[in-house]
Amino acid sequence: MRPLLFQLSAFTLAIMAWLATLGYSEQPAAEEAPGGNEKVRLVLETGGHAGPVMAMAFRDGGKELVTIGKDQVIRFWDTQTGESRRVLRLSLPDNTGSEAFSRDGRYLAVVGRVKNLDIRVLVVDLDAGQIIRTLKQTTAFGGTRELAFNPTNKSLAAARQDGGMLWRFGGNNSTKYLPNARTRVSFAPEGNWLAQVQQAGDKNELFLSAVPGFATAKLLPIDNVLSMAWPKPGVLAIGTKDGVQIWDIAARMRTQTWPVGPTAALAVSPDGKSLLTVGESKKQAGWTRVEVLDAATGARQLLAAESNAAPPPRVGVFSPDGRRFATSYGPDNAVYLYDAPGTATPGTKRLQIASKGVTTYNVAFSQDGQVIAWDEGNKSRSEEHTSELQS
């Protein structure tokens, strides 16, 4: 096994170079740059993230890892050598901490605050190294909590504390207010539904909009939404404080309820047959539960962990080949890698790497499933585990 450690220093140094090649793309009036004539630019920069790593994604078949930090720096890493390929910096006074990569890894959406406290959403074409859209919001300060691209990259949704936004791109650019998208947004993998969550007192409520028309969202009779995943077309899995619920979206009907306990994160295996649930144990308050269920019946396929290891995990993800899954939990917020159901040794722990007590919010696999990356505050780390996965 060859470990790749990406050490990101506490300081950064901007080099005002390559501006001509990075450039800036003018937008229509509905997408004009913030601050009047002030243009948002990308500049080449060297050094490391000066703040927490907010999001990450693999590109180029797993050969490249892209990270975006609270310091507004976008970094491209060579996963074979651990070296920086290129670095781009957003010239905004503040990054509010909401970012999203498109599913194909080409685009990155970032919410930023300009000098007059106006909030804009910047869409960066990572292939070209250019900001291609600067999107207005309906209010000066919206408290954006989550962003999501649709599968074709033709729409971008935002969940905000005073109501969400939807931007549609293409020949007829348009903007739509989403009054119920206040804490979470999620597109179905087929792109035909948009799920939205809003806070209602001490509960969460779920709304749905049909795509492409985005007709008025209809409330599903459910509350306390903690997580969401899409096991198959037309089916939504919802993690709540009591367990997992499975819904037929078109019929607006709950088909199954699995009382496994509070479920903070959900992930679906690539073949749609398994559902990874992570959260607090139903047996013992404060205990961690990492469990894989049959996505059709809710039957337990394996229990990876159930122990006194608070805080509960915050992330869970399957590898693209479906052979492994990863999560992070415990007093030291260690990152764990397990064999998935269907392999020769399901539930076997392959890796356990402590992250020095720093909370991990992002875990990602390369497209071939052979490299895993995660964040450690203002650091990101990557491990190549090919030699351990010959089963």
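None of these values were measured; they are calculated from a predicted model.

Chemist: What am I meant to see in the overall build of the protein here?
Modeler: Scanning the protein for helices and strands turns up 1 helix and 34 strands. In the protein, which comprises 391 residues, the share counted as buried stands at 54%. Long-range pairs, those at least 24 residues apart, make up 42% of the contacts in the protein with a sequence separation of at least 6. Surface accessibility of the protein: about 16000 Å² in total, with carbon and sulfur atoms responsible for 51%.

Chemist: Mind showing me how you'd approach the pattern of salt bridges here?
Modeler: Opposite charge on two side chains makes pairing possible when the charged atoms of those side chains draw close. Evaluation of the coordinates by the stated rule reveals 14 salt bridges. Here arginine 85 makes a salt bridge to aspartate 78, at a shortest N to O gap of 3.8 Å. The class for arginine 85 is partly exposed, based on a relative accessible area of 38%. Two residues, glutamate 291 and arginine 300, come together in a salt bridge whose shortest N-O distance is 2.7 Å. Given a relative accessible area of 53%, arginine 300 falls into the exposed group. Members of the salt-bridge network, linked through shared partners, are Arg59, Asp60, Glu64, Asp78, Arg85, Arg106, Asp125 and Asp127.

Chemist: Would you explain the environment of leucine 275 in this entry?
Modeler: Mapping leucine 275 onto the fold places it in strand 25 (residues 274–280). Classification of leucine 275 as buried rests on a relative accessible area of 0%. With 21 residues separating them along the chain, leucine 275 and alanine 296 place their C-alpha atoms 9.1 Å apart.

Chemist: Can you walk me through the sheet that holds strand 23 (residues 253–258) in this structure?
Modeler: Neighbouring strands of a sheet are bound in pairs by backbone hydrogen bonds; such pairs are parallel or else antiparallel. Judged by pairing direction, the sheet is antiparallel, and its 4 strands sit side by side in the order 20-21-22-23 without closing on themselves. The open sheet terminates on both sides in strands that have one partner only, identified here as strand 20 (227–232) and strand 23. Going across the sheet, the axis of each strand differs from the next one's by a mean of 25°, ignoring polarity. Here 5 bridges tie strand 22 (residues 244–248) to strand 23, and the two strands are oriented antiparallel to one another. Across the sheet, valine 244 pairs through a bridge with tryptophan 258, a residue of strand 23.

Chemist: Help me out: how do you make sense of the confidence of the model for the protein in this one?
Modeler: Caution applies to low-pLDDT regions: their predicted coordinates should not be interpreted in detail. Of all residues in the protein, 75% attain a pLDDT of 70 or more, and the chain-wide mean is 77. Predicted confidence is poor over residues 1–47, with pLDDT under 50, and the contacts of this stretch with residues over four places away or in other chains come to 131 contacts. Across residues 385–391, confidence stays below pLDDT 50; counting only partners more than four residues off in sequence or on other chains, it has 21 contacts.

Chemist: Whenever I open this one, the packing of aromatic side chains confuses me. Can you help?
Modeler: Two measures describe an aromatic ring pair: the distance that separates the ring centres and the angle between the ring planes. Inspection of every chain in the model, using the stated rule, returns 4 aromatic pairs. Feature note: the residues Phe318, Phe325, Tyr336 and Tyr338 constitute an aromatic cluster, connected by ring pairs. Here arginine 86 stacks its cationic end above the ring of phenylalanine 76, 3.9 Å away from the centre of that ring. Lying over the aromatic face of phenylalanine 169, arginine 133 brings its terminal NZ or CZ to 4.0 Å of the ring centre.

Chemist: Can you help me understand the sheet that holds strand 18 (residues 203–210) in this one?
Modeler: Strand order in this open sheet of 4 strands is 16-17-18-19, and the pairing throughout is antiparallel. A strand with exactly one partner marks an edge of an open sheet, and here the two such strands are strand 16 (184–187) and strand 19 (218–223). Put simply, the sheet's adjacent strands are angled 25° from each other on average, direction ignored.

Chemist: How should the pairing of strand 5 (residues 64–69) be read in this particular structure?
Modeler: In the case of a regular strand, side chains alternate between the two sheet surfaces. The element strand 5 is largely enclosed, with a buried count of 6 among its 6 residues. Alternating residues of strand 5 divide into Glu64, Val66 and Ile68 and Leu65, Thr67 and Gly69, and every residue in both groups is buried. Relative to strand 5, strand 4 (residues 53–59) runs antiparallel, the two being bridged by 6 bridges. Following the sheet pairing, valine 53 is matched in strand 5 by glycine 69. Taking the residues that link successive antiparallel strands as the turn, the strand 4-strand 5 hairpin has 4 residues, and the phi of aspartate 60 there is positive, at about 55°.

Cut-offs and rules
Within each chain, residue numbers correspond to sequence positions counted from 1 in written order. Local features in a predicted model are, by the rule used here, given only for residues with pLDDT of at least 70; side-chain atom pairs are given and counted only at 80 or more, and totals for whole chains, interfaces and linings are based on all residues. Hydrogens and waters are ignored; side-chain quantities use all the structure's heavy atoms. Helix and strand assignments come from DSSP, with helices taken as H or I runs of at least 4 residues and strands as E runs of at least 2, each series counted from the N terminus. Only protein chains enter the accessibility calculation, which uses a 1.4 Å probe; a residue is then buried when its area is under 20% of its type maximum, exposed when over 50%, and partly exposed in between. Contact between two residues is taken to exist if any of their heavy atoms lie within 4.5 Å; hydrogens are not considered. Throughout, the Shrake-Rupley method with a 1.4 Å probe supplies accessible areas, and for residues the shown protein chains are the sole cover considered. In the sections that follow, a salt bridge refers to a side-chain nitrogen of Lys or Arg positioned within 4 Å of a carboxyl oxygen of Asp or Glu. Paired strands, as defined in this entry, are two strands with at least two bridges between them according to DSSP. Lines are fitted to the C-alpha atoms to define the axes, a helix being fitted only along its stretch in contact, and any angle between axes, read from their N-to-C directions, falls within 0 to 180 degrees. A residue's pLDDT is the confidence the predictor assigns to it, expressed on a 0 to 100 scale. Each pair of aromatic rings taken from Phe, Tyr and Trp, with Trp reduced to its six-membered ring, is defined by centres within 6.5 Å and is described as stacked if the planes are under 30 degrees apart, edge-to-face if over 60, and tilted in the remaining cases. Counted as over-ring charges are cases with an Arg CZ or a Lys NZ within 6 Å of the ring centre that also lie within 35 degrees of the ring normal.

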